[in-house]
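Here is what each chain is made of, one letter per residue.
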Amino acid sequence: MKKRELITLIEGKLIRHFGRDIETASRSQIYQATALVVRDLMMDNWVETQEKIEKEGAKQVCYFSMEFLLGRSLRNNVFNLGMVNEFNAALAEAGTSLDELYYEEEQDAALGNGGLGRLAASYMDALSCLNYPATGYSILYEYGLFKQKIVDGQQLELPDDWMDSGSSWLVANPTEAVEVHFGGEVEEVWNENQLQVIHKNYDRVLAIPHDMLISGYHNQTVNTLRLWQAKSPIQMNMSLFNEGDYLKASESQAMAEVISKILYPEDRHWEGKSLRLKQQYFFVSASVQEIVRKHMARYGRMDTLPDHVVIQINDTHPAMVVPELMRIMMDENGLTWEESWRITTKTVAYTNHTVMSEALERWPESLFKQVLPRLYQIVSEINRRFCDGLWKYFPGDWDKIASMAILAYDEVRMANLSIAGSFSVNGVSALHSQILRDDVFHDFYIVSPEKFQNVTNGISYRRWIGQSNPGLTDLLTKYIGEEFLEDPEKLRDFRPYAEDSQVRAEFGLAKRANKERLAAYIKEHNGITVDVDSMFDVQAKRLHEYKRQMLNILHILRMYYELKDNPNMDVVPRTFIFGAKAAPGYYAAKQIIRLIHSVGDMINNDPAMQDKMKVVFLEDYKVTVAEILMPAAELSEQISVAGREASGTGNMKFMTNGALTIGTLDGANVEIAEAVGEENIFLFGMHADEVKQLAANGYNPLSYYQNDAWLSRILNALQQGIGREGHVVRYPDIVNSLILGNGHGTADPYMVLADFADYCRAHCDVDNLYRDQDAWNRKAIINVANSSIFASDRSIQDYSERIWHLRKLK
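Small disclaimer: the values here were computed from a predicted structure and weren't measured. (Residues numbered from 1 in each chain as written. Predicted model: local features only at pLDDT ≥ 70, side-chain atom pairs only at ≥ 80, totals over all residues. Heavy atoms only, no water.)

Undergrad: Quick question: what am I supposed to make of the overall build of the protein chain here?
TA: Each helix and strand counted, the protein chain has 35 helices and 23 strands in total. Relative to the 2.2 N^0.38 estimate, which gives 28 Å for 810 residues, the radius of gyration of the protein chain is 27 Å and therefore close to what a compact globule would have. Among the 810 residues that make up the protein chain, the fraction classed as buried is 60%. Accessible surface for the protein chain amounts to roughly 31,300 Å². Of this, 48% is attributable to carbon and sulfur atoms. Charge separation in the protein chain, taken as the distance between the mean sites of 83 positive and 111 negative side-chain charges, equals 1 Å. (Helix = DSSP H or I, 4+ residues; strand = E, 2+ residues; numbered from the N terminus. Rg over C-alpha atoms; globule rule 2.2 N^0.38 Å. Buried < 20%, exposed > 50% of the residue type's maximum accessible area, 1.4 Å probe, protein only. Areas by Shrake-Rupley, 256 points an atom, 1.4 Å probe, with all protein chains shown as cover. Lys, Arg positive; Asp, Glu negative; His and termini not counted. Charge placed at Lys NZ, Arg CZ, Asp CG, Glu CD.)

Right under this line is the structure:
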């Protein structure tokens, strides 16, 4: 499409939607008009994709996830259409550009939080790029998780009002709305020798679908992400309104619509737990109803459902797919229990994302029964039959059967339900899947070994290289051609160039340009001037104690005190960069964020440190910030305690962009080390079996504090207070949690102190290599060239071949 045609289309949108021409329109209006033009260009392919699925009778994956962390859509869709130059030429006539609209006018779609949501978005992207038929299902969150604001070093949560710019990408389909029912009573009656279940006196909520179009790279496949918005079927009680009781008149509307307001509402209280449970059932029920409706309209019989649909549940949030599918088949389609169970267990597959038993989702049985009475009946019967079946494997072992039960000890265990009701259970890295088989779900593995598989996570590398890192993209294209954007395996062709000094120098220049861009961002948003010649040492991920941001801070403080003791010490200058959000109710995580700011406040305001080290915390970390950060990173901190991180995807994005990893052998770090060679990664710390053994032997963090002079000094400093003069903050809770347990459990449960000395040793190795920039760039290129295995294209191929058995659209 030529420039003039695009200008005409954009002007048409401006006139029809805003009553403006291109000269009088605001930049925001130009963005909205451009987004609508891009969406229109995708619509023809979207309709054609749905027609192909229908015509070919293609089996498709329905990907259920509580979150999809999409980021921004404008550049991604224009890039996939292959029209970046055309749109930039057209927008130049309006005095703007794609990047200006992308960074200044669009907001990140607030539909996700961290790795789980970003993985789901990456998989939808790869499914479209590979021409596989797919539909994603989730909730249209009005305000997302939250917008992070840092005030006096402390995190505050604000609503993330993203819909003003994001609505341009949504296609509403109110005629396909469905009802979801909560509460009420269940009555069982016999009618002509057949049990009939009647659910009555329930609360009704409408689920209104809004579709986002997910485009493939340089092809005609456009899949659908269907997002459900909660609405009340009764907009207002006019009688109460006319009597002046305005709040009561709108109560039902407010109670329904709160379901799709916020991602992961705080659940420390009963009301929060109830809302989370309702959210999960709301999107599961609406999605399953739609899947069954479409299938019956096309095929007229339920027994063929597994031939045409596979439902992949991303973690346990959508686990109610199992009983909901049973309910619809039995209560609404008249199938027997046995028929319904056979169909369900051939349709549903489950991806697990944690090895921590405390993170496996459980619901209070009384709450589940109150909110979802019919589903509770079905879950109870699934549990009874499942436990009966376990008896033949573990006769007389009531404790083992109780641990595997779906209902036990007044809890509904969603992971156990997911395993019982699925034909496939996969982990997300080789180590994670091994731990599931050998430990977390070992008893389930004994019963059903054929269910357990591994599919290592992957990332949408086209976004993280092709769109976010133009310098690296140009370098790759120059030496290996642009085919790597079609096929990630082509990245391997870049490996020989690691031995070419000219390419290493060019790689260094591309990295420096990315560092300059990030430095400008930091100056604008943090007011901190950072040295682009310093090493950019980055830890960007959800704030959780097991991810051990605390270990990073302890090392930073050691470096600081070493420099205070010996100002003339020869050091590699470092800029330590953090990006993280803490869950609103997670006190320990929020304290760590505050500590990072106290440490930064102290170091950044110390004149003796100005050319040696800086500490930066990037507020409101999200996909768009990551797109600036990751291409600039030189050292990637992946330092969780071994055996706790299921996989990680940030580690993959960093190494794809040429950052070297410092990390434990945890999650996908194991596979990164295998891919690049241990000589091209900085490994430290205990292995997973050593962590387990140390815990079994009785880990005593107090002994590390008493016997390591640096740990004693640093922890004593935290106790006494950290910060610049006049802004010193004491952190006794953090210190106590590391050496005494704080009265709330095991001290230092993630063994920060045990790994501290070896972590510092690994950082010495980092410094030694960084002094030789040519050698550093060689290893960085090796990382880039060996990153193809971590493309989401590979992950989707694995899913399709091993679990879903899809065929590509013709």
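Undergrad: Explanation requested: the pattern of salt bridges in the structure shown.
TA: Pairs can form between side chains of opposite charge whenever their charged atoms are close. Taken as a whole and judged by the stated rule, the model has 57 salt bridges. Taking the shortest distance from any N to any O, the salt bridge between Glu266 and Arg268 comes out at 3.2 Å. When the shortest N-O distance is used, the salt bridge between Glu499 and Arg778 registers 3.1 Å. On the criterion of sequence distance, the pair formed by Glu499 in the loop between helix H22 (470-480) and helix H23 (501-526) and Arg778 in helix H34 (residues 773-785) is long-range, its members being 279 residues apart. One salt-bridge network, in which partners are shared between bridges, spans Glu176, Asp211, Arg226, Glu290 and Lys294. (Salt bridge = Lys/Arg side-chain N within 4 Å of Asp/Glu carboxyl O.)

Undergrad: Can you help me understand empty space enclosed by the protein in this one?
TA: To find leftover empty space, one rolls a probe the size of a water molecule over the atoms. Per the counting criterion, the structure on display carries seven cavities of 30 Å³ or more. Approximately 210 Å³ is the volume found for the largest cavity. Taken together, 18 residues make up the lining of the largest cavity; nearest its centre are Leu70, Ser73, Asn76, Ile214 and Arg463. Elements with a contribution of two residues or more to the lining of the largest cavity: helix H2 (27-56), helix H3 (74-81), helix H6 (115-129) and strand S9 (203-215). The volume enclosed by the second largest cavity comes to roughly 70 Å³. Lys541, Lys547, Gln638, Ile639, Ser640, Glu645, Ser647, Gly648, Asn651, Asp666 and Asn669 together form the lining of the second largest cavity. (1 Å grid on protein atoms, 1.4 Å probe; cavity = no way out; pocket = protein on both sides within 12 Å on 5 of 7 lines; lining within 4 Å. Points joined across faces, edges and corners; volume = space filled by probe spheres on them.)

Undergrad: Got a minute to help me understand a negative patch on the surface in this structure?
TA: Judged by side-chain charge, Glu482, Glu483, Glu486, Asp487 and Asp493 come together as a negatively charged surface patch. Tracing the backbone shows Asp487 in the loop between H22 and H23. (Patch = residues over 30% accessible without salt bridge, like charges linked within 9 Å, V, L, I, M, F, W, Y side chains within 5 Å.)

Undergrad: Would you mind showing me how to read unusual backbone geometry here?
TA: With a phi close to 55°, Asn201 is a non-glycine residue in the positive phi region. For Asn201, the location among the structural elements is in the loop between strand S8 (194-200) and S9. Look at Asp315: it is not a glycine, yet its phi comes out positive at around 75°. Its place among the elements puts Asp315 in the loop between strand S11 (309-314) and helix H13 (321-332). Its relative accessible area of 14% is what places Asp315 among the buried residues.

Undergrad: Sorry if this is basic, but what is going on with the nonpolar core here?
TA: Grouped burial of nonpolar side chains is what soluble globular proteins tend to show. Counting residues in each nonpolar core, the largest one holds 183 residues, and the members touching the most others are Phe64, Phe282, Phe368 and Trp804. A per-element tally of this core places helix H11 (residues 270-299) first, with ten residues. (Core = buried A, V, L, I, M, F, W, Y, C linked by side-chain atoms within 4.5 Å.)

Undergrad: Hey, could you run me through the sheet that holds strand S14 (residues 407-408) in this one?
TA: Note on sheets: strands pair through backbone hydrogen bonds, and any given pair is parallel or antiparallel. Judged by pairing direction, the sheet is antiparallel, and its three strands sit side by side in the order S13-S15-S14 without closing on themselves. The open sheet is flanked by strand S13 (362-364) and S14, the only strands paired with a single partner. Pairing analysis gives three bridges linking S13 to strand S15 (residues 411-413), with the strands arranged antiparallel. For Pro364, the partnering residue across the bridge sits in S15 and is Glu411. (Pairing = 2+ DSSP bridges.)

Undergrad: Is there a simple way to think about the pairing of strand S2 (residues 134-139) in this case?
TA: Residues in a regular strand point their side chains to alternate faces of the sheet. Judged by how many residues are buried, S2 sits mostly within the fold: six of six residues are covered. Burial along S2 is two-sided: the residues Ala134, Gly136 and Ser138 and Thr135, Tyr137 and Ile139 are all buried. As defined by bridge partners, S2 adjoins strand S10 (residues 222-231) across five bridges and the pair is classed as parallel. In the strand pairing of S10, Thr135 is matched with Thr224.

Undergrad: What is the right way to look at the packing of aromatic side chains in this model?
TA: Two aromatic rings are characterised by how far apart their centres lie and by the angle between their planes. Enumeration according to the criterion identifies 22 aromatic pairs in this entry. With 5.0 Å between their ring centres and 50° between their planes, Tyr479 and Tyr497 make a pair best called tilted. With Tyr479 in helix H22 and Tyr497 in the loop between H22 and H23, the pair connects residues that are 18 residues apart, well separated along the chain. These aromatic residues form a ring-pair network of at least three members: Tyr63, Phe68, Tyr123, Tyr799 and Trp804. Sitting over the face of the ring of Tyr102, Arg75 holds its NZ or CZ atom 4.3 Å from the ring centroid. Directly above the aromatic system of Phe146 lies the positively charged group of Lys581, at a separation of 5.1 Å from the ring centroid. (Phe/Tyr/Trp six-rings, centres within 6.5 Å; stacked < 30°, edge-to-face > 60°. Lys NZ or Arg CZ within 6 Å of the ring centre and 35° of its normal.)

Undergrad: Would you take a moment to explain the environment of Thr224 for this structure?
TA: Along the polypeptide, Thr224 turns up in strand S10. Judged by relative accessible area, Thr224 falls into the buried class, the value being 6%. With residues up to four places along the chain from it excluded, the contact list for Thr224 reads Trp46, Gln50, Met124, Ala134, Thr135, Gly136, Asp211 and Met212. At a separation of 2.7 Å, a polar atom in the side chain of Thr224 contacts the side chain of Trp46. (Contact = heavy atoms within 4.5 Å. Polar contact = N/O pair within 3.5 Å; in protein donor to acceptor, adjacent residues only side chain to side chain.)

Undergrad: Please clarify how the sheet that holds strand S21 (residues 635-638) should be interpreted in this entry.
TA: Here we have six strands laid out as an open sheet, ordered S20-S19-S18-S21-S22-S23, and parallel in their pairing. Whereas interior strands pair on both sides, the edge strands pair on one side only; in this sheet they are strand S20 (613-618) and strand S23 (682-683). Note that strand S22 (residues 660-663) and S23 share two bridges and pair parallel. In the strand pairing of S23, Ile662 is matched with Phe682. On top of the sheet, helix H25 (residues 587-604) reaches strand S19 (574-579) and S20; it is set at about 145° to S20, its chief contact. Sitting on the sheet, H34 touches S21, S22 and S23, and the angle it makes with S22 is about 85°. (Axes fitted to C-alpha atoms, helices over the stretch in contact; angles between N-to-C directions.)

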